[in-house]
Amino acid sequence: MIPRAARPITVASRRQHRVRTAGPLVWILSLVLIAPLARAQAYALVEVRAGDAVGAIAQRYGVDVEVLLDANDLAGHLIRPGDVLRVPLLEARGGVAEPAPEPPPGFRRHTLASGETLTEVVERYGITMTALVGANPDLSSLDRLPVGVELLIPPGEGLVVGLEQGVALTDLIEAYGADPAEVARANHLRGPFDLRPGMLLFLPGVAPVAALERLAHVRELENTYVWPLHGRLTSYYGRRNLGLGTSSFHRGLDIAAPSGSTIVATRSGTVTFAGWSDRGYGNLVKVRHAGGAETWYAHASRVLVRVGESVSQGEPIALVGSTGISTGPHLHLELHVQGVAIDPLSELR
Ligand SMILES: [Zn+2]
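From a predicted model like this one, the values you see are computed outputs, not experimental measurements.

Each helix and strand counted, the chain has nine helices and 19 strands in total. Residue burial in the chain is summarised as follows: out of 349 residues, 36% are buried. At a minimum sequence separation of 6, the contacts of the chain that also span at least 24 residues come to 71%.

Let's shift gears to the environment of Leu 348. Tracing the backbone shows Leu 348 in the segment after β19 (340–342). Taking the C-alpha atoms as reference points, Leu 348 and Val 226, 122 residues apart in sequence, are found 5.4 Å from one another.

Glancing now at the sheet that holds strand β17 (residues 316–319). With antiparallel pairing, the three strands of this open sheet are ordered in space as β11-β17-β15. The open sheet terminates on both sides in strands that have one partner only, identified here as β11 (262–264) and β15 (302–303). By the bridge criterion, three bridges tie β11 to β17 in an arrangement that is antiparallel. For Ile 263, the partnering residue across the bridge sits in β17 and is Ala 318.

Because an α-helix completes one turn every 3.6 residues, residues spaced three or four positions apart along the sequence face the same direction. Its 14 residues place the ends of helix α9 (residues 209–222) 20 Å apart at the C-alpha level, agreeing with the 20 Å of an ideal helix rising 1.5 Å per residue. Buried within α9 are the following residues: Ala 211, Arg 214, Leu 215, Val 218 and Glu 222. Looking straight down α9, one finds its buried side chains confined to an arc of 100 degrees; they lie on one side. Pointing more than 90 degrees away from the buried face of α9 are the exposed residues Glu 213, Ala 216, His 217 and Glu 220. Each element contacted by the buried residues of α9 is listed here: α6 (129–135).

Turning our attention to unusual backbone geometry. Even without a glycine there, the phi angle at His 188 is positive, about 55 degrees. By the element assignment, His 188 lies in the loop between α8 (180–186) and β6 (200–204). Taking the number of C-beta atoms within 10 Å as the measure of exposure, His 188 has 10 and is therefore exposed. Of note in the backbone geometry, His 299 takes a positive phi value of approximately 70 degrees without being a glycine. Along the polypeptide, His 299 turns up in strand β14 (residues 294–300).

This brings us to the confidence of the model for the chain. Chain-level pLDDT for the chain is 81 on average; 79% of the residues reach the 70-or-more range. In the predicted structure, residues 1–41 sits below a pLDDT of 50 and forms 91 contacts with residues beyond four places in sequence or in another chain. Below pLDDT 50 for its whole length, residues 90–98 participates in 22 contacts with residues either more than four positions away or in separate chains.

What follows is about the nonpolar core. Leu 132, Leu 159, Val 160, Val 161, Tyr 176, Leu 201 and Leu 203 are the most contacted members of the largest nonpolar core, which totals 27 residues. The set of elements that each furnish at least two residues to this core consists of α6, β4 (150–153), β5 (158–162), α7 (169–176), α8, β6 and α9. Excluding its chain neighbours within four sequence positions, the residues that come into contact with Leu 203 are Gly 158, Leu 159, Val 161, Tyr 176, Ala 178 and Val 183. Membership of the second largest hydrophobic core comes to 26 residues, among which are Ile 255, Val 303, Val 305 and Val 320.

Conventions used here
- Residues numbered from 1 in each chain as written.
- Predicted model: local features only at pLDDT ≥ 70, side-chain atom pairs only at ≥ 80, totals over all residues.
- Helix = DSSP H or I, 4+ residues; strand = E, 2+ residues; numbered from the N terminus.
- Buried ≥ 20, exposed ≤ 12 C-beta atoms within 10 Å, placed from the backbone.
- Contact = placed C-beta atoms within 7 Å.
- Pairing = 2+ DSSP bridges.
- Expected span 1.5 Å × (residues − 1).
- Arc of directions from axis to C-beta.
- pLDDT = per-residue confidence, 0-100.
- Core = buried A, V, L, I, M, F, W, Y, C linked by C-beta atoms within 7 Å.

Encoded structure:
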């Protein structure tokens, strides 16, 4: 059995990895992702499905029913399909309490600061991005990481793997094509007594191929704009004729949907505005994406996010409404690139 160096886990799938069974790499993942998120008062947004009960949702996330009720100002246990609940991950249990395996010799730790990018981290330590990925093969993204994530800083290029129970070091070395002498030297291994299940081993010179491929795919998805809502397109971007020789320029795309329908972030990013706009947008959410582009979501009946919050692609951010200057429930979506509103249809996938 070979430890899986990389699993297709993204920030968007926080829920999935909470229910995985424990294994060394899950420990790393939990410590890399969950612990810092918890410190940052993270929560998951969960849409209630038909047949869901508060108790069942609480159980699914390992939180107390009371915690869930408090976090959502629910007077009773009445929830309806389509409701969006906040589940505070700080209160979640399970998988988090595992002790952190010690990093291999010569490794340092770095805690990601607010606004700090991985490019800045590799420059600061004089290592390559490949080396950083090799030391942290369970990274969820190269561009969107929560503040407070702890990164291992390796002495050079190679791959960090967890030694699973029952796995022979020699098999591991062979599976990755590593050099046994190099592995022994890099990990200060003098004999079998230096091996413990769950320990982190550094395989010098082994490229983190699977992790790099996965992260490239994540980056591709993160830089794609998905539909924030499905509905009838009632007004397109561009000049619209108002009759009597007057016209106006419509800076966005209108998608009609029943009031209360969930609007999701079209791409991951940081919320830069969330609340009432007196410029006709009504309840408005603005999300800034990597590279500086912004998406605006107008006329919402309810806003589900706060300024400064990180949102993943596909995460609920607001509910459809007809607030502001609007003639019926719809989402008015704008896409701003370099400060200019362009046609969202040109980018939506
Ligand atoms: Zn519009």
